[in-house]
Amino acid sequence: MRLLLMSDTHLPRRAKALPGELLERLPHADVVVHAGDWVDLATLDLLQERSRRLIGVYGNNDGPELRARLPEVARAELAGVRLGVVHETGAARGRERRCAERFPGLDVLVFGHSHIPWDSTAEGPLRLLNPGSPTDRRRQPYCTFMTAAIEDGRLTAVELHRLPPRR
């Protein structure tokens, strides 16, 4: 099973559209995950139309229309992997402990908010992933997203993708 992970698209404020490289990967992903701060409904509609399966949550910058269509926290079992998605997890310091306490029973938690890519493991099986943002790098050197796979009930092949600068 192939996963495509993104967060903090902030369209159309931070960019006019999702990057072409990201859009090209949509048909190849079995599951697309978006960890909030969509900002516009058009991005949600686009990903729902083009994704085989979309798992998304709302973020702090998402208004009432997005909040009406998306949960604050999403959970799914994907080929034996217990996945959770949330926008905010708080400060980096202590994140692993806090998330393990808040989300017991998960194998993977995808989150956003900071625009800073993150890949760590809490005590126990919980792996924390933040794909960064494909449209708003803030103080990061690149805009980013992640891909991963699930094989034999395990998350594998987690890869951070750096996008070229927009022109």
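Above this text sits the structure in question.
Presented here is an overview of the structure given in this document. (Residues numbered from 1 in each chain as written. Predicted model: local features only at pLDDT ≥ 70, side-chain atom pairs only at ≥ 80, totals over all residues. Heavy atoms only, no water.)

It is worth spelling out the overall build of the protein at this point. Scanning the protein for helices and strands turns up four helices and ten strands. For the protein, the sequential pattern of α-helices and β-strands runs β-α-β-α-β-α-β-β-α-β-β-β-β-β. Its C-alpha radius of gyration of 15 Å places the protein within 12% of the 15 Å reference for a compact globule of 167 residues. For the protein, the C-alpha atoms occupy an extent of roughly 40 × 35 × 30 Å along the three principal directions. Total accessible area computed for the protein in this model is approximately 8,400 Å², and 47% of it derives from carbon and sulfur atoms. (Helix = DSSP H or I, 4+ residues; strand = E, 2+ residues; numbered from the N terminus. Rg over C-alpha atoms; globule rule 2.2 N^0.38 Å. Areas by Shrake-Rupley, 256 points an atom, 1.4 Å probe, with all protein chains shown as cover.)

Attention now moves to the pattern of salt bridges. Scanning the entire structure with this criterion turns up nine salt bridges. Measuring nitrogen to oxygen at the nearest pair gives 2.7 Å for the salt bridge that ties Asp-30 to Arg-52. One end of the pair, Asp-30, is in the loop between helix H1 (20–25) and strand E2 (31–34); the other, Arg-52, is in the loop between helix H2 (41–50) and strand E3 (54–56), and 22 residues separate them in sequence. The class for Arg-52 is exposed, based on a relative accessible area of 53%. One salt-bridge network, held together by shared partners, links Arg-2, Asp-30 and Arg-52. (Salt bridge = Lys/Arg side-chain N within 4 Å of Asp/Glu carboxyl O. Buried < 20%, exposed > 50% of the residue type's maximum accessible area, 1.4 Å probe, protein only.)

Quick look at the nonpolar core now. Residues Leu-3, Ile-55, Leu-78, Leu-83, Val-85 and Val-110 are the most contacted members of the largest nonpolar core, which totals 20 residues. Where this core is concerned, the elements lending two or more residues are strand E1 (2–6), E2, strand E4 (73–78), strand E5 (81–86), strand E6 (108–110) and strand E9 (143–151). Among the nonpolar cores identified, the runner-up in size contains 18 residues, and Leu-4, Ala-15, Leu-44 and Leu-163 belong to it. (Core = buried A, V, L, I, M, F, W, Y, C linked by side-chain atoms within 4.5 Å.)

Buried within H2 we find Thr-43, Leu-44 and Leu-47. For H2, the angular spread of buried residues about the axis comes to 100 degrees, placing them on one side. Taken together, the buried residues of H2 touch E1, E2, E3 and helix H3 (64–69). (Arc of directions from axis to C-beta. Contact = heavy atoms within 4.5 Å.)

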